[in-house]
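Listed below are the residues making up each chain.
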Amino acid sequence: TLWKGCQGVQDNPAGNYVHYGVREFGMTAIANGVALHGGFIPYVATFLMFMEYARNAVRMSALMKQRVIHVYTHDSIGLGEDGPTHQPVEQIASLRGTPNLNTWRPCDTVEAAVSWKSALVRSEGPTALIFSRQNLPFQARTDAQIANIAKGGYVLAEEKGELKAIIIATGSEVSLAMEAHAQLEGVRVVSMPCAEEFVKQDVAYREAVLPSNIRARVAVEAAHVDYWWKFVGLDGRVIGMTTYGESAPAKDLYQYFGITTEAVVAAVKELTA
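Quick summary incoming for the structure in this document.

Structurally, Gln139 is set in the loop between strand 4 (127-130) and helix 5 (143-149). Accessibility expressed as a relative area gives 8% for Gln139, which makes it buried. Beyond its immediate sequence surroundings of up to four residues, Gln139 is in contact with Cys107, Asp108, Leu156, Val174, Ser175 and Met178.

It is worth spelling out unusual backbone geometry at this point. Of note, Lys65 is a non-glycine position whose phi angle comes to about 60°, a positive value. Mapped onto the secondary structure, Lys65 falls in the loop between helix 2 (55-63) and strand 2 (69-73). The backbone of Asn100 shows a phi angle near 65°, a positive value even though the residue is not glycine. The class for Asn100 is partly exposed, based on a relative accessible area of 28%.

Burial along strand 4 is two-sided: the residues Thr127 and Leu129 and Ala128 and Ile130 are all buried. Across 4 bridges, the pairing between strand 2 and strand 4 is parallel. From the neighbouring strand, Val71 faces strand 4, where its bridge partner is Leu129. Two elements, strand 3 (residues 102-104) and strand 4, share 3 bridges in a ladder whose sense is parallel. For Trp104, the partnering residue across the bridge sits in strand 4 and is Leu129. For the crossover that starts at strand 3, traverses helix 4 (residues 109-121) and ends in the parallel strand 4, the hand is right-handed.

When the terminal C-alpha atoms of helix 1 (residues 24-37) are compared, their 20 Å separation across 14 residues agrees well with the 20 Å that a helix rising 1.5 Å per residue should span. Residues of helix 1 that are buried: Glu24, Met27, Thr28, Ala31, Asn32 and Ala35. When helix 1 is viewed along its axis, its buried side chains cluster within an angular range of 140° and face the same direction. Helix 1 presents Leu36 and His37 as exposed residues on the side facing more than 90 degrees away from its buried surface. The elements touched by buried residues of helix 1 are strand 1 (43-47), helix 2 and strand 2. Backbone geometry just downstream of helix 1 places Gly38 in the positive-phi region, at approximately 95°.

Turning next to the sheet that holds strand 9 (residues 237-241). Ordered in space as 5-7-6-8-9, the 5 strands form an open sheet in which the pairing is mixed. Here the strands that pair on one side only, and so sit at the sheet edges, are strand 5 (154-157) and strand 9. Neighbour to neighbour, the strand axes of the sheet diverge by 25° on average, direction disregarded. Of the pairings in the sheet, the one linking strand 6 (residues 165-169) to strand 8 (residues 217-224) comprises 4 bridges and is parallel in character. Paired with Ile168 across the bridge in strand 8 is Ala219.

Because the α-helix completes a turn every 3.6 residues, residues three or four places apart line up on one side. Counted residue by residue, helix 6 (residues 174-181) has 6 buried out of 8 residues, so it is predominantly covered. Taken together, the buried positions of helix 6 are occupied by Val174, Ser175, Leu176, Ala177, Ala180 and His181. Of the surrounding secondary structure, the elements contacted by the buried residues of helix 6 are strand 5, strand 6, strand 7 (187-191), strand 8 and helix 11 (261-272).

Taken as a whole and judged by the stated rule, the model has 11 salt bridges. Close ionic contact of Glu221 with Arg96 constitutes a salt bridge, the shortest N to O distance being 2.7 Å. Residue Glu221 is found in strand 8, and its partner Arg96 is found in helix 3 (residues 91-96); the two are separated by 125 residues along the sequence. Here Glu221 and Arg96 have matching classes, each one buried. Ionic pairing is found between Glu159 and Arg188, a salt bridge with its closest N-O pair at 3.0 Å. Taken as a pair, Glu159 in the loop between strand 5 and strand 6 and Arg188 in strand 7 lie far apart in primary sequence, 29 residues in all. For the pair Glu159 and Arg188, a shared accessibility class is recorded, and that class is buried. Connected through salt bridges with shared partners, the residues Asp75, Arg96, Arg105, Glu173 and Glu221 form a single ionic network.

Basis of the calculations
Residues numbered from 1 in each chain as written. Predicted model: local features only at pLDDT ≥ 70, side-chain atom pairs only at ≥ 80, totals over all residues. Heavy atoms only, no water. Helix = DSSP H or I, 4+ residues; strand = E, 2+ residues; numbered from the N terminus. Buried < 20%, exposed > 50% of the residue type's maximum accessible area, 1.4 Å probe, protein only. Contact = heavy atoms within 4.5 Å. Pairing = 2+ DSSP bridges. Right-handed = clockwise from strand over helix to strand, strands pointing away. Expected span 1.5 Å × (residues − 1). Arc of directions from axis to C-beta. Axes fitted to C-alpha atoms, helices over the stretch in contact; angles between N-to-C directions. Salt bridge = Lys/Arg side-chain N within 4 Å of Asp/Glu carboxyl O.

Right, here's the structure in full:
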């Protein structure tokens with residue numbers, strides 16, 4: 001999170017950047033204090049896995065409705081060779097389950113910019129921004145689609161022909177959903193970078209994105225699957241993690257755990273057969 005406008009306080013007491021080292025709880029708790037003091041919008045950053053060390057302070061930022069931005073990187077089994085101790089599985093669901101915390105997992109630079117703006121303008125509580133280790137492909141959008149990103153979920157790719165199924169994805173798995181979309185007829189892709197914002201939208205918008213009469217739904221995210229059942233229904237499919245990770249290159253891990261384009265395509269075909 002260092003950028004050209006940063007200057008460490010260890011070099012200049014008037015600086016604006018603190019190197020905390022491996023002190024995630026202290027870092028986050030101090031950010032809460034800065035927000036309580038006022039005059040600054042503090043942001044903190046660490047690997048998503050190590051949110052666990054800061055968990056109580058994250059909860060307090062939400063409980064106290066403080067304007068803290070929690071930046072978490074290395075967000076999935078895509079972390080790779082560091083193995084399961086460093087690969088988050090249940091952490092995203094934990095953050096999404098925290099009252100008054102907005103959790104964004106953007107799929108490219110455009111969604112990242114919108115999520116950052118949302119975090120800056122949100123005054124009633126904290127925001128978590130979750131980013132991958134790996135580079136992610138840019139997704140083409142219309143102006144209307146870009147405007148809808150701030151609503152937390154939107155149609156990224158329209159169906160070809162009659163709508164038969166919906167794929168919901170976030171972050172690094174949006175590209176898998178888009179690859180599956182290219183192989184399928186009658187399927188739309190919904191990118192949902194912030195479910196908390198999506199569920200706040202009016203019924204008409206939510207129905208336009210996720211029509212209630214379309215029961216064939218597949219969610220894909222390289223994290224714990226349980227969160228997504230409320231969007232796909234018990235007769236839908238969720239492609240993700242139910243175990244801890246392993247140590248291997250990211251590409252091999254995605255194949256090993258079945259988080260692939262082929263798995264998404266197969267799930268859609270099974271539901272629409």
